[in-house]
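Examination of the molecular architecture
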Amino acid sequence: MDVVILLGAPGSGKGTVAAHLVAQRGFMLIASGDMLRDAVTRKTAAGVEAQVYMTDGELVPDALIGRMVGDVLREGPADAHYLLDGFPRTVAQLDILEATLAACGGTIAAAILLELDDDEATERIAGRRVCPACKAVYHVVAKVPQSDGVCDTCGTALIQRDDDLPETVAQRIKIYHQQTSEVIEVFAARGLLKPVVGTGGGAKVTERILKVLT
Ligand code: AMP
């Protein structure tokens, strides 16, 4: 088993490129934000615990998300290639990931860092609309669905995420810089960090990622 980690600020395009990478390279995707939102919708114990943090734009406790991601990795096939979108976001989460991988005989293949400035990320998030069913991501200007407000793929009504409202976005970006920069430094020190320019469309950014992965 090996994992490729996708790092980047909220709005840097992780979800969009993850979808491209899954389609083109057959990665098994673990998107921590999607897992948590599903848990909140289903009102599981983890979802109830996570909701208050997510609404405030804070990170959920490391042990909570570490257990959720760890369970998926432990239950998956031993020869899987995973793509982790949004995890780990703290050094404590990285420790949990490494302990899990050690137990499963897995390794970290690379950590991709999507680089985008905060103003552009904020602008992208302001226009972001998502499909709550299939998780497809749209934008009111840059990626408009064929039929207004409806997912092209599955026909579900699109929504704006609660945590995509402006005051929460500013907090999420601040937390990203405070907490995730340390994780980025660890990957850089180990020679695993692959910075990729995050401007341009998802297809273009995916092309850049595939280049650094080969
Ligand atoms: P995302 O969809 O990745 O932007 O995540 C949305 C929200 O879910 C974040 O603002 C956090 O509240 C929570 N979240 C997602 N992934 C993590 C993580 N690895 N650690 C802690 N909280 C997370």
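Residues numbered from 1 in each chain as written. Predicted model: local features only at pLDDT ≥ 70, side-chain atom pairs only at ≥ 80, totals over all residues. Heavy atoms only, no water.

A few points about the sheet that holds strand β7 (residues 193-197)
If you walk across this open sheet you meet the five strands as β2-β3-β1-β4-β7, and the pairing is parallel. A strand with exactly one partner marks an edge of an open sheet, and here the two such strands are β2 (28-31) and β7. Ignoring which end each strand starts from, the neighbouring axes of this sheet average 20° apart. Summarising the sheet, strand β1 (residues 2-8) and strand β4 (residues 107-115) pair through seven bridges and their orientation is parallel. By the bridge assignment for β4, V3 is matched with I108. Contacts from helix α2 (residues 32-42) reach β2 and β3 (81-85) within the one sheet, and its direction differs from that of β2 by about 65°. Along the sheet, helix α4 (residues 62-75) contacts β1, β2 and β3; its crossing angle with β2, the most-contacted strand, is approximately 165°. (Pairing = 2+ DSSP bridges. Helix = DSSP H or I, 4+ residues; strand = E, 2+ residues; numbered from the N terminus. Axes fitted to C-alpha atoms, helices over the stretch in contact; angles between N-to-C directions. Contact = heavy atoms within 4.5 Å.)

Some remarks on the side chain of H139
Tracing the sequence through the fold places H139 in strand β6 (residues 137-139). Polar side-chain contacts of H139 include one of 3.0 Å to the backbone nitrogen of V141. With sequence-adjacent residues up to four places away left out, H139 is seen in contact with E123, R124, G127, R128 and V144. (Polar contact = N/O pair within 3.5 Å; in protein donor to acceptor, adjacent residues only side chain to side chain.)

Focus: the environment of E98
Examined against the element boundaries, E98 turns out to sit in helix α5 (residues 91-104). Here the alpha-carbon distance between E98 and I108, two residues 10 residues apart in the chain, equals 8.3 Å. In contact with E98, other than residues within four places in its own chain, are I108 and R190.

Some points on the environment of D163
Within the secondary structure layout, D163 lies in the loop between β6 and α7 (166-189). Classification of D163 by relative accessible area gives buried; the value is 11%. Distance from D163 to G57, taken between C-alpha atoms, is 6.4 Å for residues 106 residues apart in sequence. Not counting residues within four places of it along the chain, the set of residues in contact with D163 comprises R37, M54, T168, V169 and R172. Reaching out from D163, the side chain makes a polar contact with the side chain of R161 at a distance of 3.0 Å. (Buried < 20%, exposed > 50% of the residue type's maximum accessible area, 1.4 Å probe, protein only.)

Some words on the nonpolar core
Ranked by size, the top nonpolar core spans 35 residues in total, and within it V3, I5, L7, L73, L97, I108 and F187 carry the most contacts. Every element with two or more residues in this core is listed here: β1, α2, α3 (45-55), α4, β3, α5, β4 and α7. No other element matches α4, which puts five residues into this core. When near neighbours in sequence (up to four residues on either side) are disregarded, L97 contacts I5, L73, L84, F87, P88 and I108. Counting residues in each nonpolar core, the second largest holds 13 residues, with L6, A18, L83 and L114 among its members. (Core = buried A, V, L, I, M, F, W, Y, C linked by side-chain atoms within 4.5 Å.)

Here's the deal with α3
For α3, the complete set of buried residues consists of A46, G47, A50 and M54. Projected onto a plane normal to the axis of α3, the buried residues spread over an arc of 80° and lie on a single side. Summarising the geometry of α3, the exposed residues directed more than 90 degrees from the buried face are A45 and V48. Where α3 terminates, the next one or two residues include G57, which has phi positive at roughly 75°. (Arc of directions from axis to C-beta.)

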